[in-house]
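Listed here are the chains, written in short residue letters.
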Amino acid sequence: MGYQIAIDGPAGAGKSTIAKLLAERKGFIYVDTGAMYRGLAWYFLTKGIRPDDEEAVTKACEEVKIDIAYENGKQQIYVNDKNITDHLREEAVGNMASKSSAVPAVRARLLELQRDLARREDVVMDGRDIGTSVLPDADVKIFLTASVDTRAGRRYNELLGKGESCDYAQIAADIEERDRRDMTREISPLCRAEDAELIDSSEMTIEEVVEKIESFCRESR
Ligand code: C5P
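Quantities reported herein were computed from a predicted structural model and do not represent experimental measurements.

**Student:** Now, about the sheet that holds strand β4 (residues 74-79): what can you tell me, with residues and values included?
**Tutor:** In space, the three strands of this open sheet follow the order β3-β4-β5, with antiparallel pairing throughout. In this open sheet, the two edge strands, each paired with only one partner strand, are β3 (66-71) and β5 (82-83). Packing of helix α2 (residues 33-47) onto the sheet brings it into contact with β3, β4 and β5, and relative to β4 it is tilted by some 25°.

Below, the structure written as structure tokens:
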């Protein structure tokens, strides 16, 4: 079993930026579990499977082949041997993932993959249920959050930067809706593990957050 850093929190709290940087500095692999949920979501979309059709989702989970690989240190998602990583950030994929992640068969399918990676490597793993369910014995657990305003503002600027048109109020509403779905689902809802350190990044720089986590790592040794 390698060293495990678990980072959970709501959408847009900066988990992936922080986790990526931290993994790079420590020489660990970065396991983006959201990308795995998005990978299955992409598959459901291409097959026309609706997220509320639990039977069809469950059957698709049994049939689909999903693999995680690392190429130049970057996580890649293969679905039925096709690299679909470039599609994962699409809005429709994110929306589907937010819904299909509540289906037990989806979570069971990905849990094994996630634990298997952590058995073999030192990891920084981010998601919603890493400290509570996937890696309950992680060496360091972080619950990273930020106000809805901060998170919506970051997303807004990110989209503007890409030259996409966007509406701030709509982004904030989407974020709240995703939080609600993640926090109220029956299986592995988003919540802070009892032993997770709480970091509110609203008023912090990326560097400050990374340093804070590194200081928790030093304490845990
Ligand atoms: O973090 P990201 O936005 O990529 O995650 C996509 C969706 O996957 C989230 O909306 C969430 O519902 C789900 N997810 C999850 N558990 C995780 C990671 C992501 O339910 N560990």
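So that's the structure; there's more coming.
**Student:** Now, about the nonpolar core: what can you tell me, with residues and values included?
**Tutor:** Core analysis: the biggest nonpolar cluster contains 37 residues, and Leu40, Phe44, Ile77, Val106 and Leu135 have the highest contact counts within it. Take this core: its biggest share by element is eight residues, from α2. For this core, the domains that each give at least three residues are domain 1 (1-28 + 123-221) and domain 2 (32-121). Among all residues touching Ile77, those that are not within four sequence positions of it are Ala35, Met36, Gly39, Ile66, Asp67, Ile68, Lys82, Asn83, Ile84, Thr85 and Leu88. One finds Ala19, Leu22, Phe216 and Cys217 within the second-largest nonpolar core, a separate group that totals 20 residues.

**Student:** Could you give me a rundown of the sheet that holds strand β8 (residues 197-200), with the residues and numbers involved?
**Tutor:** Strand order in the open sheet formed by five strands is β2-β6-β1-β7-β8, and the pairing between neighbours is parallel. Both edges of this open sheet fall to β2 (29-32) and β8, since each of them pairs with a single strand only. This sheet shows a mean twist of 20° between the axes of neighbouring strands, independent of strand direction. Of the strands in this sheet, β1 (4-8), β2 and β6 (123-127) touch helix α5 (residues 104-120), which is tilted by about 160° from β6.

**Student:** Give me the lowdown on unusual backbone geometry, citing residues and values where you can.
**Tutor:** The backbone of Asn72 sits at a positive phi, close to 50°, despite the residue not being glycine. Secondary-structure assignment places Asn72 in the loop between β3 and β4. The residue Ser188 is not glycine, and still its phi comes out positive at about 45°.

**Student:** Pulling in residues and values, what's your account of the site of the ligand?
**Tutor:** Near the ligand lie 14 residues; those nearest to it are Arg38, Ser101, Arg107, Asp129 and Asp182. Separating a nitrogen atom of the ligand from a side-chain N or O atom of Thr33 is a distance of 3.0 Å. Within the side chain of Asp129, an N or O atom sits 2.9 Å from a nitrogen atom of the ligand. For the shell around the ligand, the secondary structure elements donating two or more residues are α2 and α4 (91-100). For the shell around the ligand, the leading source of residues is α2, giving four residues. Of the residues in the shell around the ligand, the class split is two nonpolar, five polar and seven charged. Split by domain, the residues of the shell around the ligand number at least three in each of domain 1 (1-28 + 123-221) and domain 2 (32-121).

Conventions used here
- Residues numbered from 1 in each chain as written.
- Predicted model: local features only at pLDDT ≥ 70, side-chain atom pairs only at ≥ 80, totals over all residues.
- Heavy atoms only, no water.
- Pairing = 2+ DSSP bridges.
- Helix = DSSP H or I, 4+ residues; strand = E, 2+ residues; numbered from the N terminus.
- Contact = heavy atoms within 4.5 Å.
- Axes fitted to C-alpha atoms, helices over the stretch in contact; angles between N-to-C directions.
- Core = buried A, V, L, I, M, F, W, Y, C linked by side-chain atoms within 4.5 Å.
- Buried < 20%, exposed > 50% of the residue type's maximum accessible area, 1.4 Å probe, protein only.
- Domains from an automatic or database assignment.
- Near = heavy atom within 4 Å.
- Polar contact = N/O pair within 3.5 Å; in protein donor to acceptor, adjacent residues only side chain to side chain.
- Nonpolar A, V, L, I, M, F, W, Y, C, P; charged D, E, K, R; others polar.

Note that all results are geometric; they support no functional claim without further evidence.
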